[in-house]
Amino acid sequence: MSVTVRVPAKVNVQLAVGAARPDGFHDLANVFLAVSLYDEITATPAADGLRVTCEGPDADQVPLDRTNLAARAAEALAARYGREPDVHLHIAKDIPVAGGMAGGSADGAGALVACDALWGTGASRAELLEICAELGSDVPFSLVGGAALGTGRGEKLTELEVGGDFHWVFALASRGLSTPAVFREFDRLGEGLDIPEPVAAQPVLDALAKGDTAALAVAVTNDLQPAALSLFPELSDTLAAGRAAGALAALVSGSGPTTAFLATDARSASDIAGVLRASGTCRDVRTAVGAVAGASVV
Ligand SMILES: C[C@](O)(CO)[C@H](O)COP(=O)(O)OP(=O)(O)OC[C@H]1O[C@@H](n2ccc(N)nc2=O)[C@H](O)[C@@H]1O
Ligand SMILES: Nc1ncnc2c1ncn2[C@@H]1O[C@H](COP(=O)(O)OP(=O)(O)OP(=O)(O)O)[C@@H](O)[C@H]1O
């Protein structure tokens, strides 16, 4: 018997970042939207301990040892329920690696849900969310999906209403960006400046609730974008190409380097994707819609 769980990627429609905290993390007002790019995690019982395998275009960049977030999730759940993590976790990876779309976090949440079902632990949702928060700031949202406001370091979630579909185009970059490096660059760029407390922007929440793409397009913000562009200046060319192709908004997704483009509808998304693909400013292009459900057994 095995269990397969499908988990979406995310885009941040608002990412407000506060000053560095004493523990090195940053307080956030992080408005997450789950989008229809998915990893699938299959958990199969194994007699000989924990093993991770991965397939997909970026599979060679995924660690298969105990640092993999899927492995860490299985170990955390097993430890809590006093059992051995005897499981084979297979990741079918479609979310870009080190792309700012919470790919590793998706695998952590997916492995947790898969092992929970396989082992029949009966853990409550609150317990699963607690383990997610220990694994990483983005992991709780990968479990929950839909749209949510993340506060604290992003792990404290309030679910948000979404009144309609939002159509996106994502341009994948030629290399990854390290999330800690982007936060460090944010700190460096902000040295000597007064960094305000991060707060959720009402126009973003209203646009989501109404399903109003045009309103969301003028409301999206990402405080990590200047840091990501500083470390990866060529991303400006991708953003410009998407804008010229008719995107209503163009921004870096989370810590980058994936760039995200908001489109009027599915047809426009497909047109923008075609122009971006031909522009030579990115490695690959994908379209997706949000909001979609979080980690779900298939
Ligand atoms: C950029 C975002 O993807 C936006 O959703 C997240 O804030 C990052 O979430 P994540 O990849 O799950 O991050 P974690 O694994 O928790 O932390 C990785 C590193 O990112 C930095 N980090 C992360 C979250 C946060 N609120 N402040 C931070 O400064 C820290 O250097 C931390 O060591
Ligand atoms: N299951 C996993 N899939 C991909 N990377 C993983 C995984 N587990 C650990 N990692 C490590 O995490 C690093 C960041 O990868 P990930 O794809 O999660 O980045 P990201 O999407 O930018 O994250 P986020 O958007 O949450 O900041 C990788 O370079 C890799 O070393």
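In this text, all values refer to a predicted model and were calculated from it rather than measured experimentally.

## Let's talk about the overall build of the protein chain
- Counting its secondary structure elements, the protein chain contains ten helices and twelve strands.
- Dimensions of the protein chain along its principal axes, counting C-alpha atoms only, are 55 × 40 × 35 Å.
- Long-range contacts, defined here as pairs at least 24 residues apart, represent 76% of the contacts in the protein chain between residues at least 6 apart.
- Taken as a whole, the protein chain presents about 12,200 Å² of accessible surface, with 51% of it coming from carbon and sulfur.
- Positive and negative side-chain charges in the protein chain, numbering 21 and 36 respectively, have mean positions lying 2 Å apart.

## A word on the site of ligand 1
- Residues in contact with ligand 1 amount to 19 residues; listed here are only the nearest, N12, H26, S137, D138 and R153.
- At the level of elements, β1 (3-20), β2 (26-45) and α5 (179-189) are the ones that each hand at least two residues to the shell around ligand 1.
- Among the elements that make up the shell around ligand 1, the one with the highest residue count is β2 (four residues).
- Inspection of the shell around ligand 1 shows a minimum of three residues originating in each of domain 1 (3-160) and domain 2 (166-290).

## Observations concerning the UniProt feature "active site" (unreviewed entry) in the protein chain
- This chain's UniProt record puts "active site" (unreviewed entry) on K10 and D138. Across 129 residues, the annotated set stays spatially compact, with a maximum C-alpha separation of 9.1 Å.
- Mapped onto the elements of the fold, K10 is located in strand β1.
- Non-local contacts of K10, meaning those with residues more than four positions away in its chain, are made with F32, L33, A34, V35, G100, M101, A102, D138, F141, S253 and G254.
- At 2.7 Å, the side chain of K10 forms a polar contact with the side chain of N12.
- Along the chain, D138 falls in the loop between α3 (125-135) and α4 (139-144).
- Ignoring any residue separated from it by four or fewer positions in sequence, one finds D138 in contact with K10, N30, F32, A102 and S105.

## Focus on the site of ligand 2
- The environment of ligand 2 is formed by 22 residues, the closest being G100, G104, D107, D138 and T179.
- A102 is positioned with one of its backbone polar atoms (N or O) 2.9 Å from an oxygen atom of ligand 2.
- In the model, an oxygen atom of ligand 2 is placed 2.8 Å from a nitrogen or oxygen of the T179 side chain.
- Considering every element that reaches the shell around ligand 2, the biggest residue donor is helix α2 (residues 103-119), with four residues.

## Things to note about the pattern of salt bridges
- One pass over the full model with this rule turns up eleven salt bridges.
- Among the salt bridges present, the one from R80 reaches E127, with a minimum N-O distance of 3.4 Å. Residue R80 is located in helix α1 (residues 69-80), and its partner E127 is located in helix α3; the two are separated by 47 residues in the primary sequence.
- Judged by its relative accessible area of 32%, R80 falls in the partly exposed class.

## Topic: the nonpolar core
- In terms of nonpolar packing, the biggest core is built from 68 residues, with L89, W168, F170 and L216 touching the most fellow members.
- Ranked by residues supplied to this core, first place goes to α2 with nine residues.
- In terms of domain composition, this core takes at least three residues from each of domain 1 (3-160) and domain 2 (166-290).
- Counting residues in hydrophobic clusters, the runner-up holds 28 residues, among them L28, A228, I272 and V285.

## Considering the packing of aromatic side chains
- What the rule picks out here adds up to two aromatic pairs.
- The ring of Y38 carries R6 above its face, with NZ or CZ at 3.8 Å from the centroid.
- Of note, R175 hangs over the ring of F232, and the distance from its end group to the ring centre comes to 4.0 Å.

The rules behind each value
Residues numbered from 1 in each chain as written. Chains lettered and ligands numbered in written order. Predicted model: local features only at pLDDT ≥ 70, side-chain atom pairs only at ≥ 80, totals over all residues. Heavy atoms only, no water. Helix = DSSP H or I, 4+ residues; strand = E, 2+ residues; numbered from the N terminus. Contact = heavy atoms within 4.5 Å. Areas by Shrake-Rupley, 256 points an atom, 1.4 Å probe, with all protein chains shown as cover. Lys, Arg positive; Asp, Glu negative; His and termini not counted. Charge placed at Lys NZ, Arg CZ, Asp CG, Glu CD. Near = heavy atom within 4 Å. Domains from an automatic or database assignment. UniProt positions renumbered as here; feature names shortened; annotations may be inferred. Polar contact = N/O pair within 3.5 Å; in protein donor to acceptor, adjacent residues only side chain to side chain. Salt bridge = Lys/Arg side-chain N within 4 Å of Asp/Glu carboxyl O. Buried < 20%, exposed > 50% of the residue type's maximum accessible area, 1.4 Å probe, protein only. Core = buried A, V, L, I, M, F, W, Y, C linked by side-chain atoms within 4.5 Å. Phe/Tyr/Trp six-rings, centres within 6.5 Å; stacked < 30°, edge-to-face > 60°. Lys NZ or Arg CZ within 6 Å of the ring centre and 35° of its normal.

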